[in-house]
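Observations on chain architecture
Next come the chains, spelled out residue by residue.
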Amino acid sequence: MARQGLKPPHLLGLSTPQTPFSKRLNKELEDLKARGAEDGIFLHDFPDSNTCRVQVFGAPDTLYAGETFMLRFHFSDRYPFESPEVVFEGVSPMHPHIYSNGHICLSILYDAWSPALSVHAVCMSIVSMLSSAQSKVRPQDDTTYVARVGRRSPKLSKWHFDDDRV
């Protein structure tokens, strides 16, 4: 559950410049907050004006049923024209497209990003990706990838998308 009293900067009365970026993001986050956890997605908190954390729940009757995971979204001032950086915080799910450092190999986070996508749409895509998994395994190159990139932004990686079955 989210800690009581945590609000995004614009709701705290902080003077943040209202840009198209911040207006859209604030609306998206308000809508996500209003949904509660009805679809396995729960807005957790807003550590700062460009970052939010979202809790996702494994869907019933899947390998991840009953499990919860934390996603961190970081938004540049170019959002929604540029995709947010999205990573799992803490323990990331064992999944063929999720690295042990929290990086997610999902085309909509990189090459296939569209400004029409939202925080909710990204979360739904990740929950769907988890739901379609047939086994809990790491990507084949997990050890090498994590050793090479560590905790750097996944947006600095060159991704190759060739497996849409999982």
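For the structure, see preceding data.
Notes on the structure in this doc start here. (Residues numbered from 1 in each chain as written. Predicted model: local features only at pLDDT ≥ 70, side-chain atom pairs only at ≥ 80, totals over all residues. Heavy atoms only, no water.)

**Things to note about the pattern of salt bridges**
- Across all of its chains, the model carries 10 salt bridges by this definition.
- Note that Lys 27 is salt-bridged to Asp 31, the shortest N-O span being 3.0 Å. In this pair, Lys 27 and Asp 31 are both assigned in helix H1 (residues 20–35), four residues apart and thus about one turn of the helix distant.
- Residue Lys 27 is classed as exposed on the basis of its relative accessible area of 52%.
- Assessed through its relative accessible area of 39%, Asp 31 is described here as partly exposed.
- Across the pair Glu 89 and Arg 72 runs a salt bridge whose closest N-O atoms are separated by 3.4 Å. (Salt bridge = Lys/Arg side-chain N within 4 Å of Asp/Glu carboxyl O. Helix = DSSP H or I, 4+ residues; strand = E, 2+ residues; numbered from the N terminus. Buried < 20%, exposed > 50% of the residue type's maximum accessible area, 1.4 Å probe, protein only.)

**What about the nonpolar core?**
- Val 54, Val 56, Leu 71, Phe 73, Ile 104, Val 119 and Ile 126 are the most contacted members of the largest nonpolar core, which totals 39 residues.
- Contributing elements (two or more residues each) for this core: H1, strand S1 (41–48), strand S2 (51–57), strand S3 (68–74), strand S4 (85–89), helix H2 (119–131) and helix H3 (142–149).
- Here this core gets seven residues from one element, more than from any other, and that element is H2.
- Residue contacts for Phe 73: discarding those within four places in its chain leaves Asn 50, Thr 51, Cys 52, Val 54, Pro 84, Glu 85, Val 86, Val 119, Val 122 and Cys 123. (Core = buried A, V, L, I, M, F, W, Y, C linked by side-chain atoms within 4.5 Å. Contact = heavy atoms within 4.5 Å.)

**Some thoughts on H3**
- All of the buried residues along H3 are Asp 142, Tyr 145 and Val 149. Projection of H3 onto a plane perpendicular to its axis shows the buried side chains occupying an angular sector of 70°, all on one side. Facing away from the buried surface of H3 by more than 90 degrees, the exposed residues are Thr 143, Thr 144, Ala 147 and Arg 148.
- Looking one or two residues past H3, Gly 150 carries a phi angle of roughly 55°, positive in sign. (Arc of directions from axis to C-beta.)

**Section: the packing of aromatic side chains**
- With the rule as written, the count across this model stands at nine aromatic pairs.
- Plain terms: the ring middles of Tyr 79 and Trp 113 are 6.1 Å apart, the flat faces sit at 45° to each other, and that makes the pair tilted. Here Trp 113 lies in the loop between S4 and H2 and Tyr 79 lies in the loop between S3 and S4, a separation of 34 residues in the sequence.
- What makes Tyr 79 buried here is its relative accessible area of 2%.
- By relative accessible area, which is 12% here, Trp 113 ends up buried.
- Members of the aromatic cluster, connected to one another through ring pairs, are Phe 73, Phe 75, Tyr 79 and Trp 113. (Phe/Tyr/Trp six-rings, centres within 6.5 Å; stacked < 30°, edge-to-face > 60°.)

**Some words on the pairing of S3**
- Both S2 and S3 contribute to a ladder of seven bridges, which runs antiparallel. The partner of Cys 52 across the bridge, within S3, is Phe 73.
- With five bridges connecting them, S3 and S4 associate as antiparallel partners. Of the residues in S4, the one forming a bridge with Leu 71 is Phe 88. (Pairing = 2+ DSSP bridges.)

**Details of the environment of Leu 71**
- Of note, Leu 71 is situated in strand S3.
- For Leu 71, a relative accessible area of 0% translates into the label buried.
- With 16 residues separating them in the primary sequence, Leu 71 and Gln 55 have C-alpha atoms 6.2 Å apart.
- Sequence-distant contacts of Leu 71, that is, excluding residues within four places in its chain, are made with Cys 52, Arg 53, Val 54, Val 56, Val 86, Val 87, Phe 88, Ile 104, Cys 123 and Ile 126.

**Considerations on unusual backbone geometry**
- Cis rather than trans, the peptide bond between Tyr 79 and Pro 80 has omega equal to 10°.
- As for its placement among the helices and strands, Pro 80 is situated in the loop between S3 and S4.
- A positive phi angle is found at Asp 61, which is not glycine, with a value near 60°.
- Mapped onto the elements, Asp 61 comes out in the loop between S2 and S3.

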